[in-house]
Amino acid sequence: MRVLSDTYRHKGLRKQLVELIRKKGISDERVLQAILEIPRHFFIDSAFDQTAYEDRAFPIAEGQTISQPYTVAYQTQLLEVKQHEKVLEVGTGSTYQACVLAWMGAQVYTIERQKQLYDHNKQFAYLRNFPSIRFFYGDGYQGLPTYAPFDKIIVTAAAPVIPDSLTEQLKTGGKMVIPVGEGKVQQMLRLMKDESGVMHEEVFDNFSFVPMLQGKNH
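All figures in this text were calculated on a predicted structure; none of them were measured in a lab.

1. Considering the overall build of the chain
- A tally of regular secondary structure across the chain gives six helices and nine strands.
- In terms of overall dimensions, the chain is globule-like: its C-alpha atoms have a radius of gyration of 16 Å, near the 17 Å expected for 218 residues.
- Expressed along its principal axes, the backbone C-alpha trace of the chain runs to roughly 50 × 40 × 35 Å.
- Expressed as a percentage of the 218 residues in the chain, the buried residues total 52%.
- Long-range contacts, defined as pairs at least 24 residues apart, comprise 56% of the intrachain contacts of the chain with a sequence gap of at least 6.
- Only carbon and sulfur atoms are counted for the fraction: they give 51% of the accessible area of the chain, which is about 10200 Å².

Right, here's the structure in full:
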């Protein structure tokens, strides 16, 4: 069950969370405002309601997690999202990251390989507030070629290598943020595609994500 009421207590806890991630180095005010506005406790089981605004990951269905707020803010800040940009998200998960991007004005195309999670999200009433999010069930490694190219791509699971199919779906001048590496720790990378189609790579901090798996899971 989900709690779908947003109390003064929840709002107060969100303010504290925003100040915490600001101290950790998140400086993009639009990212911080999105974290402040979106009720994270809506996205997780009511059993975690008391702790929903701690800066940590929580389990959701199908062995997946909702990322810690700092991680969501970090990836979003690196993505440098602008109004009306077309953003591909690989790994819908709880939909929290997609809502942050949509709140910031992006047109979000999000893909989930876990059928039960995809179906579960279709029943989530809060998502009606974000008509700019389009949901797809499929293999994240393949991206969404039909809807390409994208201004930005964000991957919310750890890829052993950067999938070529995703870099191909990135616009010239576009950016992709992706955690790359095998094992428990990955490096956050930001890739930028130049005019000649060459990818330029920047390396950022280490994180720990669930692995990005191929194929669809029924």
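On we go from here.
2. Considerations on helix α3 (residues 69-79)
- Counted residue by residue, α3 has 10 buried out of 11 residues, so it is predominantly covered.
- Among the residues of α3, Pro-69, Tyr-70, Thr-71, Val-72, Ala-73, Tyr-74, Gln-75, Thr-76, Leu-78 and Leu-79 are the ones counted as buried.
- Positive backbone phi, approximately 55°, marks Glu-80, located one or two places after α3.

3. Points about the pattern of salt bridges
- Under the criterion given, the structure shown has 14 salt bridges.
- Between Glu-29 and Arg-22 there is a salt bridge; the shortest N-O distance is 2.7 Å.
- Between Lys-175 and Glu-80 there is a salt bridge, and its shortest N-O distance comes to 2.9 Å. A residue pair is termed long-range when its members are at least 10 positions apart, and Lys-175 in strand β7 (residues 170-180) and Glu-80 in the loop between α3 and β3 (86-90) qualify at 95 residues.
- On the basis of relative accessibility, which here comes to 18%, the residue Lys-175 falls in the buried class.
- Among the charged side chains, a salt-bridge network with shared partners connects Glu-80, Lys-175, Arg-190 and Glu-202.

4. A look at the side chain of Asp-55
- Tracing the backbone through its elements, the reader meets Asp-55 in the loop between α2 (29-37) and β1 (58-59).
- Judged by relative accessible area, which is 15%, Asp-55 ranks as buried.
- Of note is the side chain of Asp-55, whose polar atom sits 2.6 Å from the side chain of Lys-24.
- Setting aside chain neighbours within four positions, we find Asp-55 in contact with Leu-17, Leu-20, Ile-21, Lys-24, Gln-68, Pro-69 and Tyr-70.

5. Overview of the nonpolar core
- In this structure, Ile-35 and Phe-43 are the most contacted members of the largest nonpolar core, which totals 46 residues.
- Excluding residues within four positions of it along the chain, Ile-35 makes contact with Arg-14, Leu-17, Val-18, Ile-21, Pro-69, Val-72, Ala-73, Tyr-96 and Val-100.
- In this structure, Phe-136, Ile-153, Leu-191 and Met-212 belong to the second largest nonpolar core, which totals 20 residues.

6. Comments concerning the packing of aromatic side chains
- One pass over the structure, following the stated rule, counts 16 aromatic pairs.
- Ring plane angle 55° and centroid distance 5.0 Å describe the contact between Phe-136 and Tyr-147, whose orientation is recorded as tilted. Here Phe-136 is found in strand β5 (residues 133-137), whereas its partner Tyr-147 is found in the loop between β5 and β6 (150-155), with 11 residues between them in sequence.
- Overall, Tyr-147 belongs to the partly exposed group, its relative accessible area being 26%.

7. Looking at unusual backbone geometry
- In this structure, the amide linkage connecting Ala-148 to the following residue, Pro-149, adopts the cis form with an omega of 0°.
- Secondary-structure assignment places Pro-149 in the loop between β5 and β6.
- Phi is positive for Thr-95, which is not a glycine, with a value near 80°.
- Mapped onto the elements, Thr-95 comes out in the loop between β3 and α4 (96-103).
- The exposure class assigned to Thr-95 is buried, which follows from its relative accessible area of 0%.

8. As for helix α1 (residues 8-23)
- Along its 16 residues, α1 runs 23 Å from first to last C-alpha, staying within 8% of the 22 Å computed at 1.5 Å per residue.
- All of the buried residues along α1 are His-10, Arg-14, Leu-17, Val-18 and Ile-21. Angularly, the buried residues of α1 cover 105° about the axis, an arc narrow enough to put them on a single face. Along α1, the residues that are exposed and aim more than 90 degrees away from the buried face are Tyr-8, Lys-15, Gln-16 and Lys-23.
- On its buried face, α1 sits against α2 and α3.
- Downstream of α1 by one or two residues, Gly-25 has phi in the positive range, about 115°.

Calculation notes
- Residues numbered from 1 in each chain as written.
- Predicted model: local features only at pLDDT ≥ 70, side-chain atom pairs only at ≥ 80, totals over all residues.
- Heavy atoms only, no water.
- Helix = DSSP H or I, 4+ residues; strand = E, 2+ residues; numbered from the N terminus.
- Rg over C-alpha atoms; globule rule 2.2 N^0.38 Å.
- Buried < 20%, exposed > 50% of the residue type's maximum accessible area, 1.4 Å probe, protein only.
- Contact = heavy atoms within 4.5 Å.
- Areas by Shrake-Rupley, 256 points an atom, 1.4 Å probe, with all protein chains shown as cover.
- Salt bridge = Lys/Arg side-chain N within 4 Å of Asp/Glu carboxyl O.
- Polar contact = N/O pair within 3.5 Å; in protein donor to acceptor, adjacent residues only side chain to side chain.
- Core = buried A, V, L, I, M, F, W, Y, C linked by side-chain atoms within 4.5 Å.
- Phe/Tyr/Trp six-rings, centres within 6.5 Å; stacked < 30°, edge-to-face > 60°.
- Expected span 1.5 Å × (residues − 1).
- Arc of directions from axis to C-beta.

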